[in-house]
Amino acid sequence: MAKEEALLEEEKSGNKFLWFIYVVVIPLLFAIVIALIVTTIAGINVFEKAKELGEKTHILSANNATNRSKADEDKIISLNAEIQNKDTQIENLQKQLDSGDNEKQQLLLEQKRLQQQIASLQKSQAQSTKDFKEIVSSYESMNPKNAAPIILQMKDENAVKILSKLSSEALASILEKMPADRAAKYTEMLGGSSN
């Protein structure tokens, strides 16, 4: 029984294939032959037209390939130009960085020089202060009769500076030995400098 069913199935599948050939393939071939005859009578060579169409398609595909390769070349050129531009920017930034480092070094050297100058000036000022204190001390120890004429010979600023640092007793003794108008002037100046 199984054999009979298998044979029936084979017959049915064979029948389907024959049906496809009779219904689809033969009428299609018949239509193609009639179309060729009609076009030949009309003066159209179908094979030549097919060949031309094939060549056009080939040319179009070649043009597309050429256009694509040209577009790729343009893109490569554009990317190379961009790379060169970026390289130039990197070089410029490196130069700025180097010049910044040089400027930083110069500023550090200038800072050291200024610090040395400040230290030197502070030392000089300390020495001047020490010297000035010694001068004031020597005027305090001098006889007021001898100190007054010396102070009168000085510029007013220097005289007031020394007089302002003297003790009250020494100042009174020296002013006492000066002419009244100069003593009054120095007293006014001392009063103004203490404010």
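Asker: Before we go on, may I ask you to explain the overall build of the protein in this structure?
Answerer: Along the backbone of the protein there are six helices and zero strands. N-terminal to C-terminal, the α/β element order of the protein is α-α-α-α-α-α. A burial count over the protein gives 11% of its 195 residues as buried. Once local pairs closer than 6 in sequence are excluded, the contacts in the protein between residues at least 24 apart make up 63%. Surface summary for the protein: the accessible area is close to 16,300 Å², and the carbon and sulfur share equals 59%.

Asker: Can you walk me through a nonpolar patch on the surface in this structure?
Answerer: Residues Phe-17, Leu-18, Trp-19, Phe-20, Tyr-22, Val-23, Val-24 and Ile-26 make up a contiguous nonpolar surface patch of roughly 830 Å² in combined accessible area. The residue Ile-26 is located in helix α1 (residues 2-41) in this model. For Ile-26, a relative accessible area of 42% translates into the label partly exposed.

Asker: What exactly am I supposed to notice about helix α4 (residues 156-165) here?
Answerer: Since the α-helix advances by 3.6 residues per turn, residues separated by three or four positions end up pointing in the same direction. Burial in α4 covers these residues: Ala-159, Val-160, Ile-162 and Leu-163. All buried residues of α4 lie within an arc of 165° about the axis, which places them on one face of the element. In α4, the exposed residues that point more than 90 degrees away from the buried face are Glu-157 and Lys-165.

Asker: Is there a simple way to think about the nonpolar core in this case?
Answerer: The nonpolar side chains of a soluble globular protein tend to be buried, and buried together. With 20 residues, the main nonpolar core has Ile-151, Leu-163, Leu-166, Ile-174, Met-178 and Tyr-186 as its most contacted residues. At the level of elements, α2 (46-141), α3 (144-153), α4, α5 (168-176) and α6 (180-194) are the ones that each hand at least two residues to this core. Among residues more than four places away in sequence, those in contact with Tyr-186 are Ile-151, Leu-152, Met-154, Asp-156, Ala-159, Val-160, Leu-163, Leu-175 and Met-178.

Asker: It is not clear to me how the pattern of salt bridges should be interpreted in this structure. Could you clarify?
Answerer: Any two side chains of opposite charge can pair if their charged atoms end up close together. Under the definition given, this model contains two salt bridges. As a salt-bridge pair, Glu-110 and Arg-113 come within 2.5 Å of each other at their nearest N and O atoms. Remark: Arg-113 and Glu-110 occur in helix α2; sequence separation between them is three residues, near one turn of the helix. Two residues, Lys-185 and Asp-156, come together in a salt bridge whose shortest N-O distance is 2.6 Å. Of this pair, Lys-185 sits in helix α6 while Asp-156 sits in helix α4; the two residues are 29 residues apart in sequence, bridging distant segments of the chain.

Asker: Quick question: what am I supposed to make of α5 here?
Answerer: Considered for burial, the residues of α5 that qualify are Ala-170, Leu-171, Ile-174 and Leu-175. Buried residues of α5 fall within an arc of 125° about the axis and therefore sit on the same side. Summarising the geometry of α5, the exposed residues directed more than 90 degrees from the buried face are Ser-168, Glu-169 and Glu-176.

Asker: Can you help me understand the packing of aromatic side chains in this one?
Answerer: Each aromatic ring pair is summarised here by two numbers: the centre-to-centre distance and the angle between the ring planes. Under the criterion given, the structure shown has zero aromatic pairs. Residue placement shows Lys-161 over the ring face of Phe-132; its charged tip is 5.2 Å from the ring centre.

Asker: How should I be thinking about the environment of Met-154 in this particular structure?
Answerer: With respect to the element layout, Met-154 can be found in the loop between α3 and α4. Beyond its immediate sequence surroundings of up to four residues, Met-154 is in contact with Tyr-139, Ala-159, Ile-162 and Tyr-186.

Basis of the calculations
Residues numbered from 1 in each chain as written. Predicted model: local features only at pLDDT ≥ 70, side-chain atom pairs only at ≥ 80, totals over all residues. Heavy atoms only, no water. Helix = DSSP H or I, 4+ residues; strand = E, 2+ residues; numbered from the N terminus. Buried < 20%, exposed > 50% of the residue type's maximum accessible area, 1.4 Å probe, protein only. Contact = heavy atoms within 4.5 Å. Areas by Shrake-Rupley, 256 points an atom, 1.4 Å probe, with all protein chains shown as cover. Patch = residues over 30% accessible without salt bridge, like charges linked within 9 Å, V, L, I, M, F, W, Y side chains within 5 Å. Salt bridge = Lys/Arg side-chain N within 4 Å of Asp/Glu carboxyl O. Arc of directions from axis to C-beta. Core = buried A, V, L, I, M, F, W, Y, C linked by side-chain atoms within 4.5 Å. Phe/Tyr/Trp six-rings, centres within 6.5 Å; stacked < 30°, edge-to-face > 60°. Lys NZ or Arg CZ within 6 Å of the ring centre and 35° of its normal.

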